[in-house]
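# What the coordinates show
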Amino acid sequence: MTQAAGLRTHYNGDLRTDHVGQQVSVVGWVAKRREHGEHLAFVDLRDHTGVVQCVVPGSVDVRSEYVVRITGTVKNRLEGTVNTKLATGEIEVQDCEVEVLSVAEPPPFPMDGRADDVDEMVRLRYRYLDLRRERMQRNLRVRAKVNSAIRRAMEDQGFIEVETPMLMPSTPEGAREFLVPSRQSPGDFYALPQSPQLYKQLLMVGGTDRYFQIARCLRDEDLRADRQYEFMQLDAEASFVTQDDVLAFISEAVMAAAEAVTGERPPEIEQITWHDAMDRYGIDKPDLRFGMELVELTPIFADTGFNAFKAPSIKGIKVDGAAADYGRNKLDGLTDRAKSLGAKGLVWMKVEDGGVLTSPVAKFLSEAEQAGLVAAFGAEAGDLLLIVADEWHQTCEVLGTLRNDVGRPPVHEGPYRYVWVIDFPMFVGQDDEGNPKPGHHPFTHPHPEDMDKLESDPMAVRSLAYDLVLNGWELGSGSIRIHEPELQSRIFRLLGISQEEADKRFGFFLTPFRYGAPPHGGFAFGIDRLTAILAGEENIREVIAFPKPQSGTDPMTDAPTAVDPAQLADLGLRLLPKKSS
RNA sequence: GGUCCCGUGGUGCAGUUUGGAGUGCACGCCGGCCUGUCAAGCCGGAGGUCGCGGGUUCAAAUCCCGUCGGGACCGCCA
């Protein structure tokens with residue numbers, strides 16, 4: 001409870017029967033006025049702590065959202081007028097005098113739960129009003145608790161907070177950057193940090209040992225429910241540590257944040273390898289809140305006569321009791337979805353009594369194969385089976401997406417299921433020139449057990465990279481970094497990056513490693529995402545004071561805006577004509 | 001760049017399938033009444049370029065084309 005001062009003696013939501021008899025002054029916004037003729041009026045007064053009812057012995061000229069100071073005496077409510085919906089509902093402030101501090105126009109939407117249904121653009125245009133609402137104030141305070149708990153947890157583990165520059169050189173790997181033109185060096189640009197990645201590694205070279213920062217990151221990529229242009233990360237890096245050390249540090253910060261919000265410390269965060277995550281859940285950010293794991297079917301069809309199942313990997317998922325819920329339309333929808341994900345097709349089967357399978361393709365399967373399916377799935381009458389046959393990765397990915405489509409609850413619904421995904425592949429896919437692409441980033445240390453496969457079988461090499469996942473959302477990722485210049489050169493060679501090119505692109509970053517770099521590793525996770533889930537929100541915009549909609553424009557400030565030609569001239573910039581189609 | 005959904009007084013909706021006068025509901029707003037209400041109650045009232053543009057039609061919120069805005073997702077986010 002905060003000590004009240006200034007114009008008020010108490011916060012509205014704090015008043016209880018303990019205060020009965022006290023003369024109090026409370027301030028805030030008029031949530032509601034109810035007049036009963038010239039002798040009695042009620043004013044519900046709201047601040048961020050709650051609402052208290054004030055009784056005025058006469059009429060009172062206030063409207064919704066007027067800012068007022070009310071002075072009166074706390075009394076028990078009359079018999080039968082207690083309001084159990086209010087925390088302050090056993091008392092009221094009586095014999096009130098009302099002093100108007102600010103008048104207000106009628107707000108465009110109500111400052112209560114009904115505004116949850118209002119068009120988000122309207123809420124964002126009047127965000128300063130939206131923020132008055134209990135939900136928004138709660139979310140801001142959840143966020144503050146998360147930040148505070150993280151900071152404390154990191155400091156308790158010997159990390160120090162260091163700020164890094166917002167204006168840095170462009171390093172056009174990964175996410176698209178926001179650029180900032182330089183006035184003193186016309187035609188040149190800074191970039192805003194996608195993350196403090198490079199600086200924090202240099203802090204390790206600089207002997208900082210354990211660094212963290214609650215860092216703002218900026219990425220000029222399309223916005224989503226879980227993505228804003230600018231977002232906050234707990235960014236951390238430590239020297240002379242193993243992967244397990246890093247996981248422990250970050251687990252501690254996340255669990256401390258969760259405990260600060262929910263009052264309950266999560267159990268130790270389990271781990272799963274990337275391969276197992278893909279194999280069992282078909283995705284590298286598995287949602288462990290529900291089962292429906294991918295079932296291995298490949299051996300059943302080793303000698304099949306069904307052409308569609310002559311594939312390297314056949315897997316399926318079982319949707320319990322869903323056969324009756326999925327008519328032809330929905331099944332066609334799932335098939336289209338599978339195809340749009342790159343599958344050649346989707347086989348569905350409905351399980352009838354006695355293990356009989358109903359499916360357009362059942363007639364192509366032998367009795368042994370059908371029996372094998374029922375056994376492998378543990379299928380019972382009424383279940384729906386969805387089966388994909390393809391390359392292993394493709395099979396897993398398609399089924400993983402269908403599993404989420406069919407079974408995944410909203411992200412904010414409990415329970416909280418954290419999981420570390422470890423042993424990510426070092427390389428993922430190929431670039432246009434046929435070189436392997438880094439799965440994490442080009443400074444990630446290969447898994448020590450796979451060093452001998454770097455050149456001979458690069459796609460089989462694991463890395464010391466790891467992700468933290470909560471309820472199917474990727475909270476963040478990290479890795480043990482390469483600290484040996486020779487190994488770094490070897491990785492660049494594999495990626496098809498020449499030494500000259502590497503020096504040009506990352507010179508300022510690579511040179512320091514020639515002067516004695518400690519082994520180090522780190523992590524960064526998204527505070528917006530963690531906060532949203534802990535606050536019970538499924539969109540990070542709800543836990544950001546002033547977010548932007550998908551267009552990236554701000555309906556409140558109209559940013560981005562055109563600027564004065566003189567400003568452009570100062571920067572040595574001239575605009576091209578706008579594209580017209 | 002793509003797919004799908006949405007756009008009707010200040011707010012939330014119905015009306016669109018099957019074209020027929022801006023018709024309706026709830027909240028809010030304005031005025032009146034009301035001495036125990038509490039997202040009060042009763043009476044009265046104001047408030048609309050049906051996102052915008054074009055087309056079809058005797059007639060368009062409704063059908064067609066385009067466009068703008070918003071949302072979810074794919075691509076993208078090392």
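Look up: the structure comes first, before these words.
A brief structural summary.

The rules we used
Residues numbered from 1 in each chain as written. Chains lettered and ligands numbered in written order. Predicted model: local features only at pLDDT ≥ 70, side-chain atom pairs only at ≥ 80, totals over all residues. Heavy atoms only, no water. Helix = DSSP H or I, 4+ residues; strand = E, 2+ residues; numbered from the N terminus. Buried < 20%, exposed > 50% of the residue type's maximum accessible area, 1.4 Å probe, protein only. Contact = heavy atoms within 4.5 Å. Areas by Shrake-Rupley, 256 points an atom, 1.4 Å probe, with all protein chains shown as cover. Lys, Arg positive; Asp, Glu negative; His and termini not counted. Charge placed at Lys NZ, Arg CZ, Asp CG, Glu CD. Axes fitted to C-alpha atoms, helices over the stretch in contact; angles between N-to-C directions. Parallel < 35°, antiparallel > 145°, perpendicular 65-115°, else oblique. Left-handed = near helix turned anticlockwise from the far one by under 90°. Nonpolar A, V, L, I, M, F, W, Y, C, P; charged D, E, K, R; others polar. Salt bridge = Lys/Arg side-chain N within 4 Å of Asp/Glu carboxyl O. Near = heavy atom within 4 Å. Polar contact = N/O pair within 3.5 Å; in protein donor to acceptor, adjacent residues only side chain to side chain. Patch = residues over 30% accessible without salt bridge, like charges linked within 9 Å, V, L, I, M, F, W, Y side chains within 5 Å. Pairing = 2+ DSSP bridges.

A separate point is the overall build of chain A. Of regular secondary structure, chain A possesses 13 helices and 22 strands. Referenced to the eigenvectors of the C-alpha coordinate spread, the extents of chain A come out at roughly 90 × 75 × 55 Å. Within chain A, the fraction of its 581 residues that count as buried is 49%. Considering only intrachain contacts with a sequence separation of at least 6, the fraction spanning at least 24 residues in chain A is 67%. In the form shown here, chain A has an accessible surface area of approximately 28500 Å², with 49% of it arising from carbon and sulfur atoms. Counting 64 positive and 90 negative side-chain charges, chain A places the centres of these two groups 4 Å from one another.

Attention shifts here to the packing of helix α3 (residues 134-156) against helix α12 (residues 527-534). Relative orientation of the contacting elements α3 and α12 amounts to 125 degrees, with a least axis distance of 9 Å. Here α12 runs oblique to α3, going by the angle between their axes. Viewed along their axes, α3 and α12 form a crossing whose handedness is right-handed. Judged by residue contacts, Val142, Arg143, Val146, Asn147 and Ile150 of α3 engage Ile527, Asp528, Leu530, Thr531 and Leu534 from α12. Residues of the contact of α3 with α12, tallied by class, amount to six nonpolar, two polar and two charged.

On inspection of all chains with the given rule, the structure shows 45 salt bridges. Note that Asp235 and Lys200 form a salt bridge whose closest N and O atoms lie 2.8 Å from each other. One end of the pair, Asp235, is in strand β10 (residues 230-239); the other, Lys200, is in helix α4 (residues 197-205), with 35 residues separating them in the sequence. Ionic pairing is found between Arg328 and Asp332, a salt bridge with its closest N-O pair at 3.6 Å. On the criterion of helical spacing, the pair formed by Arg328 and Asp332 is a turn pair, its members being four residues apart in helix α7 (residues 328-340). Residue Arg328 is classed as exposed on the basis of its relative accessible area of 54%. The exposure class of Asp332 is partly exposed, given its relative accessible area of 33%.

The environment of RNA strand B is made up of 47 residues, and the closest members are Glu35, Thr81, Asp112, Arg224 and His440. The sugar and phosphate moieties of RNA strand B supply 49% of its atoms located within 4 Å of the protein. Within the side chain of Arg34, one N or O atom sits 2.7 Å away from a base oxygen of RNA strand B. Take Asp119: an N or O atom from its main chain is 2.7 Å from a phosphate oxygen of RNA strand B. Breaking the surface near RNA strand B down by element, the ones donating at least two residues are β1 (23-35) and β2 (41-47). Looking at which element gives the most residues to the surface near RNA strand B, the answer is β1, with three residues. Residue composition of the surface near RNA strand B, grouped by class: 12 nonpolar, 17 polar and 18 charged.

A grouping of Met166, Leu167 and Tyr190 is seen on the molecular surface, where their side chains present a nonpolar patch of about 260 Å² in accessible area. Looking at the secondary structure, you find Met166 in the loop between β6 (160-161) and β7 (179-181). By relative accessible area, which is 36% here, Met166 ends up partly exposed.

On to the packing of α7 against helix α9 (residues 392-407), then. Packing of α7 against α9 leaves a shortest axis separation of 10 Å and a crossing angle of 140 degrees. On the basis of the axis angle, α7 is oblique to α9. Of the two elements, α7 crosses α9, and the hand of that crossing is right-handed. Packed against α7, whose contacting residues are Leu334, Arg337 and Ala338, the element α9 presents Val398, Thr401, Leu402, Asp405 and Val406 at the interface. Among the residues forming the contact of α7 with α9, the class breakdown is five nonpolar, one polar and two charged.

Let us now look at the sheet that holds β10. Strand order in the open sheet formed by eight strands is β6-β9-β10-β22-β21-β20-β17-β11, with mixed pairing between adjacent strands. One side of each edge strand has no neighbouring strand; the edge strands of this open sheet are β6 and β11 (270-273). Sheet contacts for α4: β9 (210-218), β10 and β22 (520-526); angle to β10, the most-contacted strand, approximately 20 degrees. Those strands touched by helix α5 (residues 243-262) are β9, β10, β11, β17 (418-422), β20 (465-470), β21 (473-480) and β22, and its axis lies near 160 degrees from that of β17.

Note that all results are geometric; they support no functional claim without further evidence.
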